[in-house]
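# Structure assessment
So the chains spell out like this:
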Amino acid sequence: MDINITDMKEFLREQKPKVKESSIEAYYKALSSVKSNVGGFNNFTDYDLVIDKLSVYPSTTQNNYIMAILIVLEGFNQNKDYTELIYKYKQYRKTNQDKYMKDSQGNVKTEFQKQHDVSFEQVNTMIQRIGEDLKKRKLNRKGITLTPEDNTLLNQYTIFKILLETEKNKNYLVREKKGFTAHYFDHKMKGKTDKSSHTFSPELVKILRNLIRLKDIKIYDTLFTNSANTPITRNQISQILANASKKYIGKSVGSRVIRHLVITKEKEPFVEVEKELNEKKEALAKKHGHSVFTMDKIYDDN
């Protein structure tokens, strides 16, 4: 039985009538990606092929793709042709979920995480090397025309520097008298949308001014574009980061990894304070002959 879907979004709405439009969009993206990865809807029936194609992704991404596949197979299962196949996919998905939960509880890194495991210092060194390569190109010469390679290097350096300072969704970079402020709209905070702003450091202001001057960026222009001056997409930004990090440190580093490194680095002082506090609490509890749990539960008036 051929699996033919002319309008994926409409199909998803029919299969999932109670879900929000944002969820339909998420299913649509996953379905589009997995269809492209395995070579079409009809290949969803080739279980071994699909699992082989998806094996390069982390388990959470695999499960998102498999969920999209299940929606399709269940939508075309009127004659029960795919019942056994649906069960196999569900079992694979459950195995992934169980392993993920077990690894999370045991703090075990997945193969994907190991491949992408880098330190804050490694990323800093990588960015410094990109900056050095940028200087070697002597782009500040009068009348110079940026090559595609110049443009890529400029984008790589600036995006990485921005990510080290702040990691939010897009939106607006406002030039002010003494620098720049980024304004973010509709990012998620505890399930609600919100807006915030971030003023960049003097070092990043200098980098941004250089980018804007070299690329002749005007008001309302998009900050990051390709060599044809077309705005680059989120996926292309991820590819820019991945290509740079593979070249300089041999590992793929994206915005998610940068966000994790930055937050972990900024939390270090708090971790040390908490460690010191716990040690004092343990000594106090030992002195009075009971556990920290008992002390906190009975004697803590805060």
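Structure report, in brief. (Residues numbered from 1 in each chain as written. Predicted model: local features only at pLDDT ≥ 70, side-chain atom pairs only at ≥ 80, totals over all residues. Heavy atoms only, no water.)

Here we come to the nonpolar core. Counting 37 residues, the largest nonpolar core has Val123, Ile130, Phe160 and Ile258 as the members making the most contacts within it. Sorting the residues of this core by element identifies α7 (120-136), α8 (148-165), α9 (202-214), α10 (234-249) and α11 (255-287) as the ones contributing at least two each. For this core, the leading source of residues is α8, giving eight residues. Non-local contacts of Val123, meaning those with residues more than four positions away in its chain, are made with Val118, Leu164, Val253, Ile258 and Leu261. Core analysis: the next-biggest nonpolar cluster, separate from the first, contains 31 residues, Ile51, Leu85, Ile86 and Tyr92 among them. (Core = buried A, V, L, I, M, F, W, Y, C linked by side-chain atoms within 4.5 Å. Buried < 20%, exposed > 50% of the residue type's maximum accessible area, 1.4 Å probe, protein only. Helix = DSSP H or I, 4+ residues; strand = E, 2+ residues; numbered from the N terminus. Contact = heavy atoms within 4.5 Å.)

Let us look at the packing of aromatic side chains. Per the stated rule, a full pass over the model turns up four aromatic pairs. Aromatic pair Tyr47 and Tyr89: ring centres 5.2 Å apart, planes at 55°, arrangement tilted. On the criterion of sequence distance, the pair formed by Tyr47 in helix α3 (residues 47-54) and Tyr89 in helix α5 (residues 83-105) is long-range, its members being 42 residues apart. This pair shows no difference in class: Tyr47 is buried, exactly as Tyr89 is. The ring of Tyr28 has Lys9 sitting right over it, with the charged end atom 4.8 Å from the ring centre. (Phe/Tyr/Trp six-rings, centres within 6.5 Å; stacked < 30°, edge-to-face > 60°. Lys NZ or Arg CZ within 6 Å of the ring centre and 35° of its normal.)

Now for the pattern of salt bridges. Inspection of the entire model under this criterion finds nine salt bridges. Note that Asp98 and Lys94 form a salt bridge whose closest N and O atoms lie 2.9 Å from each other. In this pair, Asp98 and Lys94 both sit in helix α5, four residues apart, roughly one turn of the helix. Judged by its relative accessible area of 41%, Asp98 is partly exposed. (Salt bridge = Lys/Arg side-chain N within 4 Å of Asp/Glu carboxyl O.)

Between its terminal C-alpha atoms helix α2 (residues 21-38) stretches 26 Å, which fits the 26 Å expected from 18 residues at 1.5 Å a residue. The complete set of buried residues in α2 reads Ile24, Tyr27, Ala30, Leu31, Val34 and Val38. Along the axis of α2, the buried residues cluster in a sector spanning 130°; they form a single face. Those residues of α2 that are exposed and angled more than 90 degrees off the buried face are Ser22, Lys29 and Ser36. Against α1 (8-15), α3 and α4 (59-75) lie the buried residues of α2. (Expected span 1.5 Å × (residues − 1). Arc of directions from axis to C-beta.)

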